[in-house]
Amino acid sequence: GISQSGRVVREGAQQFVRLSFKKFGKPGVALWSRRGAGAWETLAIVLISPYVDERALLAAGVAEVREYRAQFYDGTNPVGDFTDILTLTVGP
């Protein structure tokens, strides 16, 4: 399956999540994310690693837990099993 990793990075006054992955010959990966108690949402179809999640915090100035998972992308649709969930805390 997909090999993924992530880390929180600071750029100026904001923290972001940098997600890296290996796609093992597939065209790309479909990244999914969940924040707080929200539902899973498609974050992006990514063809080149890394991907930087630059979304603003749900509540300005309040740290939040973000969860990520990925699937292979075959050039048309996400396919296969999801990766394990990667959990990171992003702060102001």
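Here, the structure is the one placed above.
Parameters at a glance
- Residues numbered from 1 in each chain as written.
- Predicted model: local features only at pLDDT ≥ 70, side-chain atom pairs only at ≥ 80, totals over all residues.
- Heavy atoms only, no water.
- Salt bridge = Lys/Arg side-chain N within 4 Å of Asp/Glu carboxyl O.
- Buried < 20%, exposed > 50% of the residue type's maximum accessible area, 1.4 Å probe, protein only.
- Helix = DSSP H or I, 4+ residues; strand = E, 2+ residues; numbered from the N terminus.

Draft legend 1. Broad picture of the pattern of salt bridges. Evaluated as defined, the whole model comprises six salt bridges. Among the salt bridges present, the one from Asp-53 reaches Arg-55, with a minimum N-O distance of 2.7 Å. Classification of Asp-53 by relative accessible area gives buried; the value is 0%. For Arg-66, the salt bridge identified is with Asp-53, shortest N-O distance 3.2 Å. Taken together, the residues span a long stretch of sequence, with Arg-66 in strand E6 (residues 64-73) and Asp-53 in strand E5 (residues 51-53) at a distance of 13 residues. Take Arg-66: its relative accessible area is 0%, and that puts it in the buried class. Within the structure, one salt-bridge network assembled from shared partners comprises Arg-35, Glu-41, Asp-53, Arg-55, Glu-64 and Arg-66.

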